[in-house]
Amino acid sequence: MAEAAARPAPQAQRDPRPALAQAAGAWVWDVPADRLYADARFAALCGLDPEAARTGLPTQAFVAAVAPDDRLRVRIAVAGILRGSETFAKEYRVRSADGTVRWVSARGGVERADDGELLRFTGVLADITEQKRVQEQLRVAQTAGGVGTFEHVDGFGTADVSEQFCRLLGLQTTDALPVRTINTLVLDGDPLIIRGSREEAQADHGAYSELRIRRADNGDERWLARRGEFRPDGVGGGGRFIGVIYDITPAKSAEEELRQLARTLEDRVAERTRERDRVWKNARDLFVVLSPRRHYLSVNPAWSRLLGYTADELVGRRYGTLAHPDDMQKVEAMMQRLGRGEQVEDVDLRVRAKDGDHRWINWTFTPEAEDGFIYGVGRDVTDRKQLEDQLRQSQKMEAVGQLTGGLAHDFNNMLTGVMGGLDMARRRISQGRAEEAAAFMDTAGAAAERAASLTHRLLAFSRRQSLDSRPVDVNTLVGSMEDLLHRTLGEQVSLGLALGPDLWRTRTDSNQLENAILNLAINARDAMPEGGQLTVDTVNVRLDWPAVAGGEEIPPGDYVVIGVSDTGAGMPPEVLAKVFDPFFTTKPIGQGTGLGLSMVYGFVRQCGGQVGIYSDSGIGTTVKLYLPRFEGEAEADEHTPRAISTPRGAGERVLLVEDDPQVRVLVRTVLEELGYRAAEAVDGQAALPILESEAPLNLLITDVGLPGMNGRQLAEVARARRPDLPVLFMTGYAASAAERSSFLEAGMRMISKPFPLETLATTLRDMLRSGSAG
Amino acid sequence: MTERTILLNELESDALTELVNIGVSRAASGLRQMVGRQVVLSVPSVEVVSRAAAAALIRERETGPLVAVRQDFHGALEGQALLIFPEQNSIELLRSVAGDLEAHELADMEDEALLETGNIVLNSCLATMANMLERPLEMSLPQVIRGEGARLFVLSSDPADAGVVLFLYINFAVSDRDIRGYIAMLMDLPSLDMLKILIGEFIQRVLGEDDG
């Protein structure tokens, strides 16, 4: 520093505390003696000879050192002191020993004698040049930066403030303000600018606070930031708090705008939430949230409107408890899929309403990966289901019409053959050309057989054929068909068998299954006029959840699947959609009845299975038969040896019960021609007297479908009387006789109408022989 | 700002501050004798302002009711001198002066103590000024008035009265008690002109003395 350089070296040696000496120079003005004593520092600052100052100078020296511009002020202040003022506090410029002009601060007081006479005027002089410069800088900084400063001595009612401080508060500029005046401008509840107590001020050490004030001049509300620190070096041992304030209104406004923006955003979110809520509340569809363990967590009011359940009645229950018992499997399958995190769409379930009715609900469920909750929407499709039922009914009626028309057409053709043949035969006989009649009779017979075959297929299609179901090893069955298939397919088509290992058994009518496979093979052959490859494969399939085949659902379970694949032309989708329709055929008229696939379908459905068909144009077609796995005890396959020639009776007595007179006459004629003695009855009532008589009877032949007591009941009665009486049932179709094994007891057989005479003869012979043997 | 400083130049203002300083020093000495405790009075600012500005200054600084001791003065200068405290502070001042008393005693003594304090302070200031300015001033008996700042500064009933206020802000430090007050001298413009002249004479005297 300049003063340090200017300070004479000997002085530094005299004073062991140069820093203190440097800080202030002291003076003593002896008023009665009119002499001024000062230390070296004072002398240096005021440009006086230090030695002279030490030993005493004329008092004029005090004012003479003051720079001319400030001299008058100092003289007046000194005059004030000499005339009774007690304190002297002035800042002024002096010309110092090194010739520079410096700012000094003089602080002084007086000492008086007891009588009040002024003895001494003493004080210290401090170099504040640097301080002044800093103050000036500070003032500029405060004005430019808008920072107001304040200093509050603990316990004082006023605070020293800067001009900028006053301007920030909208007060008249001054350098001291009452604390209360300052704090009154602060809005209620905000932190005060100057803390009341020392403790608060100390606790506030270095604190930053933001507060609002109402400006004194125009009442504007402004945000101020206050920052400061407490220093324990105030007057009288107290502390002082030195701080600054500055305006942060723009920052606060921006902050508020941001907050407003955030609030707007919140409002919008809330609005969205309200919208969602409205959807939730007003929707006609059922909304539901399920826990990961599928308990109802939340349901919307539609549940109450549609099904009558309040939320309280549902929350906590397990989903599925309201489902129709028949749909439980579907529910389980659905839940398993949801458990794997899959979405489930478009599942129709019947849900029980509170009043006991069931409504069809179409469900969509989405499992939420994050929380495992399941969100579901259900739409009431009861009306749609009813419409669908009606549609199905009308489609059925349409199909029946189509079927009837097709049947009539086919039957007319066949009847034409039968009637024409018989007519021609009669003519030839009447003309005496009996030998020529046989050919026409054959024609008529062939036509009649075709008709019989047609009705048989019809029954198969209607799933009302009489199935002789037994456990079947499909691999054995397919293997035994290899020869037959080779011959059927011809040389152009090669046959491949791919039989799965350890194939499960299924329970079915092996003859009908053979027919079905053969039928499919013929279709496949016909699809490959240029030749190709036909593959029959078998495989075990386990379905864990419902699969879809042929447009219908296959329930979960174990299946033996038989696939018949060709490498033929394949079918376009529109054809594929109709392949199971009765009388639908791709073949030219006359080459097929169109009952083939529909018959297969009917048969497989009757077995509890399903048919799937997959086809691509140009690649080929695969038909898969899903037959349910059979897990019961194996039964020995029965094979009836075929008779070589028509077996004849030996006068055994047979009771024939048949309501149709033509059939009755015909069968009776046949029986007599075969060498049996026949008695006849039109119904069960008429048969009873004979059965209950003592007349010998070897066998009962009865129609199943009789008026009044049916054939099965009649057989019961007959067996009661004659326990071992063999009974042969004849059936056109009998709903109750569709499953033979449950219908027939030991010693009972069944024969389907129409039947060749030879079959009847063979069956009678077998029954009577085993009956007599047993 | 201009309104406040236009009447006295810087040197005159300094001189006036010194005059008041001398007066207040005497007052402190008087109070010291009365209270028997350390009393420091300091004069942070001396301003000459219009009545309206004086009222605004008081209003800014004081939100509560005020109490004042008023003395009229006559002579070369005509006007009123007021020692003004916030009412809150007057009790503190009273306690300082009279010691800790019962509430009812305080109430009885309040005006009396105020009058005595006001008398000491105002008399010291006015007498010192009269002395320094070498013009006799005659002083009336002090009286206590209470009310809003604006009311205190009414010199006369004439609304057109454009008088000024010589406004002094002083800090009282009576031991640990926190007391602040104001000294206001209400003068009309002719009196202020006279004050200006007298201060000029005082300055000349002071400088002349030193020169001599």
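Only a predicted model underlies this, so the values are computations on that prediction, with no experimental measurement involved.

About the cut-offs
Residues numbered from 1 in each chain as written. Chains lettered and ligands numbered in written order. Predicted model: local features only at pLDDT ≥ 70, side-chain atom pairs only at ≥ 80, totals over all residues. Heavy atoms only, no water. Helix = DSSP H or I, 4+ residues; strand = E, 2+ residues; numbered from the N terminus. Buried < 20%, exposed > 50% of the residue type's maximum accessible area, 1.4 Å probe, protein only. Contact = heavy atoms within 4.5 Å. Areas by Shrake-Rupley, 256 points an atom, 1.4 Å probe, with all protein chains shown as cover. Pairing = 2+ DSSP bridges. Axes fitted to C-alpha atoms, helices over the stretch in contact; angles between N-to-C directions. pLDDT = per-residue confidence, 0-100. Core = buried A, V, L, I, M, F, W, Y, C linked by side-chain atoms within 4.5 Å. Polar contact = N/O pair within 3.5 Å; in protein donor to acceptor, adjacent residues only side chain to side chain.

Can you walk me through the overall build of chain A in this structure?
A count of helices and strands for chain A gives 27 helices and 31 strands. In chain A, which comprises 774 residues, the share counted as buried stands at 41%. Looking at chain A alone, contacts between residues at least 24 apart form 56% of all its contacts between residues at least 6 apart. A total of about 40,200 Å² of accessible surface is found on chain A, and carbon and sulfur atoms cover 52% of it.

Please explain the pairing of strand β11 (residues 221-231) of chain A as it appears in this structure.
Taken residue by residue, a regular strand's side chains alternate between the two faces of the sheet. Residue and element names in this part refer to chain A. When strand β10 (residues 208-214) meets β11, the two strands line up antiparallel, connected through 7 bridges. Across the sheet, R212 pairs through a bridge with W223, a residue of β11. Where β10 folds back onto β11 in an antiparallel hairpin, the turn is made up of 6 residues, including G219, whose phi is positive at roughly 75°.

Quick question: what am I supposed to make of the sheet that holds strand β27 (residues 653-657) of chain A here?
The pairing of strands in a sheet comes from backbone hydrogen bonds and takes either a parallel or an antiparallel form. All names here are of chain A. Reading across from one edge, β28-β27-β29-β30-β31 is the order of the 5 strands in this open sheet, with parallel pairing throughout. Edge strands, defined here as strands with exactly one partner in the open sheet, are β28 (677-681) and β31 (748-752). The mean angle between the axes of side-by-side strands here comes to 20°, regardless of whether they run parallel or antiparallel. In the sheet, strand β29 (residues 699-703) pairs with strand β30 (residues 727-731) via 4 bridges, with the strands oriented parallel. By the bridge assignment for β30, L700 is matched with V727. On top of the sheet, helix α24 (residues 684-692) reaches β27 and β28; it is set at about 160° to β27, its chief contact.

How do you make sense of the confidence of the model for chain B when you look at a structure like this?
Low-pLDDT portions of the prediction should not be read for the details of their coordinates. Residues and elements named next belong to chain B. Mean pLDDT for chain B: 75, with 75% of residues reaching 70 or above. Across chain B, strand β2 (residues 66-75) holds the top mean pLDDT of 88, while helix α1 (residues 2-5) sits lowest at 40. Across the assembled chains, the prediction reports ipTM 0.79 with pTM 0.43.

Looking at this structure, how should I read the nonpolar core?
Soluble, globular proteins show a tendency: their nonpolar side chains are buried together. With 49 residues, the main nonpolar core has L16, L133, I183, M185, L195 and I199 of chain B as its most contacted residues. Top element by residues in this core is helix α5 (residues 103-133) of chain B. It accounts for 10 residues. Formed by 40 residues, the second largest nonpolar core is a distinct cluster that contains V474, L495, V604 and V611 of chain A.

Which parts of the structure should I look at to understand the sheet that holds strand β12 (residues 240-247) of chain A?
All names here are of chain A. Here 6 strands make up an open sheet; going across it, the order is β9-β8-β7-β12-β11-β10 and the pairing antiparallel. The two strands at the open ends of the sheet, each matched to only one other strand, are β9 (176-178) and β10. Taking each pair of neighbouring strands and ignoring which way they run, the sheet shows an average axis angle of 30°. Helix α12 (residues 249-282) rests against β10, β11 and β12 of the sheet, and its axis sits at about 120° to β11.

Please explain the side chain of T622 of chain A as it appears in this structure.
Residues and elements named next belong to chain A. You can see T622 is positioned in strand β26 (residues 620-630). A polar contact is formed between the side chain of T622 and the side chain of S565, at a distance of 3.0 Å. Setting aside its immediate chain neighbours within four residues, T622 contacts V564, S565, G612, I613 and Y614.

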